[in-house]
Amino acid sequence: VQLQASGGGLVQAGGSLRLSCAASGRTLNTYVMGWFRQAPGKEREFVAASRRSGGMSYYADSVKGRFAISRDNAKNTVYLQMNSLKPDDTAVYYCAADSSIILTQLRTPRAYDYWGQGTQVTVSS
């Protein structure tokens, strides 16, 4: 699976962005999809995950109620809608995929086999 993340940019606090993660090589509807982020000097951290198409979604407490993960199976693309952005959301955002991850591993970066290249999100105060 090849993943291509896009949609990052510079936005003011309180604004919104939608990140996209387009896949090629395999259809995503059987994969668990995750979004992670990494700020300078910090470890990569979990943001959101979606179990196989039609399954549940999971969020980090820091983004719950502001971010939403969704899938478009026809486009083989996963999205991360980010609303009410804060300066603390500034990071490089990565999408990830895995076909065999279990529930307890959803928030663990090393559990995912496939990664996109990252897209920068900068939120100004």
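Residues numbered from 1 in each chain as written. Predicted model: local features only at pLDDT ≥ 70, side-chain atom pairs only at ≥ 80, totals over all residues. Heavy atoms only, no water.

### A short note on the environment of Y112
- Among the secondary structure elements, Y112 is positioned in the loop between β9 (91-98) and β10 (114-115).
- For the pair Y112 and V32, spaced 80 residues apart in the sequence, the C-alpha separation amounts to 8.8 Å.
- Leaving out residues up to four positions away in the same chain, Y112 has contacts with V32, M33, G34, F36, A49, A96, A97, D98, I101, Q105 and L106. (Helix = DSSP H or I, 4+ residues; strand = E, 2+ residues; numbered from the N terminus. Contact = heavy atoms within 4.5 Å.)

### Comments concerning the pairing of strand β5 (residues 45-50)
- Most of β5 is tucked away: 5 of the 6 residues are buried.
- Sheet topology note: the strand β4 (residues 32-38)/β5 ladder contains 5 bridges and is antiparallel. When the sheet's bridge partners are listed, R37 is paired in β5 with E45.
- Linking β4 back to β5 in an antiparallel pair, the connection comprises 6 residues, with G41 at a positive phi of about 80°.
- Inspection of the sheet shows β5 paired to strand β6 (residues 57-59) by 3 bridges, in the antiparallel sense. From the neighbouring strand, S50 faces β6, where its bridge partner is S57. (Buried < 20%, exposed > 50% of the residue type's maximum accessible area, 1.4 Å probe, protein only. Pairing = 2+ DSSP bridges.)

### Some words on the side chain of T119
- Here T119 lies in strand β11 (residues 119-124).
- The class for T119 is buried, based on a relative accessible area of 10%.
- Once residues within four sequence positions are removed from consideration, T119 is found in contact with A5, S6, G7, G8, L19, A91, V92 and Y93.

### A look at the state of the cysteines
- Applying the stated criterion across every chain yields a total of 1 disulfide.
- C21 shares a disulfide with C95; S-S distance 2.2 Å. Its S-S torsion of approximately 70° makes the covalent link between C21 and C95 right-handed. Taken together, the positions of C21 in strand β3 (residues 17-24) and C95 in strand β9 put the pair 74 residues apart, joining distant regions of the chain. In terms of burial, C21 and C95 fall into one category: buried. (Disulfide = S-S within 2.5 Å.)

### Looking at the pattern of salt bridges
- Counting across every chain of the model gives 4 salt bridges.
- Its salt-bridge partner being R37, residue D89 comes within 2.9 Å of it at the nearest N-O pair. Pair noted here: D89 is in the loop between β8 (77-82) and β9 and R37 is in strand β4, with a separation of 52 residues, a long-range link.
- As a salt-bridge pair, D61 and K64 come within 3.2 Å of each other at their nearest N and O atoms. (Salt bridge = Lys/Arg side-chain N within 4 Å of Asp/Glu carboxyl O.)

### Regarding the nonpolar core
- L3, W35, L80, M82, Y93 and Y112 are the most contacted members of the largest nonpolar core, which totals 40 residues.
- No other element matches the 5 residues that β9 contributes to this core.
- Once residues lying within four places of it in the same chain are set aside, the contact partners of M82 are G15, S16, L17, L19, R66, F67, Y93 and V121. (Core = buried A, V, L, I, M, F, W, Y, C linked by side-chain atoms within 4.5 Å.)

### Regarding unusual backbone geometry
- With a phi angle near 55°, N76 is a residue other than glycine that sits in the positive phi range.
- With respect to the helices, strands and loops of the structure, N76 is situated in the loop between β7 (67-72) and β8.
- When its relative accessible area of 14% is taken as the criterion, N76 is described as buried.
- Positioned with a positive phi, S84 is a non-glycine residue whose angle comes to about 50°.
- Mapped onto the fold, S84 is located in the loop between β8 and β9.
- Judged by relative accessible area, which is 41%, S84 ranks as partly exposed.

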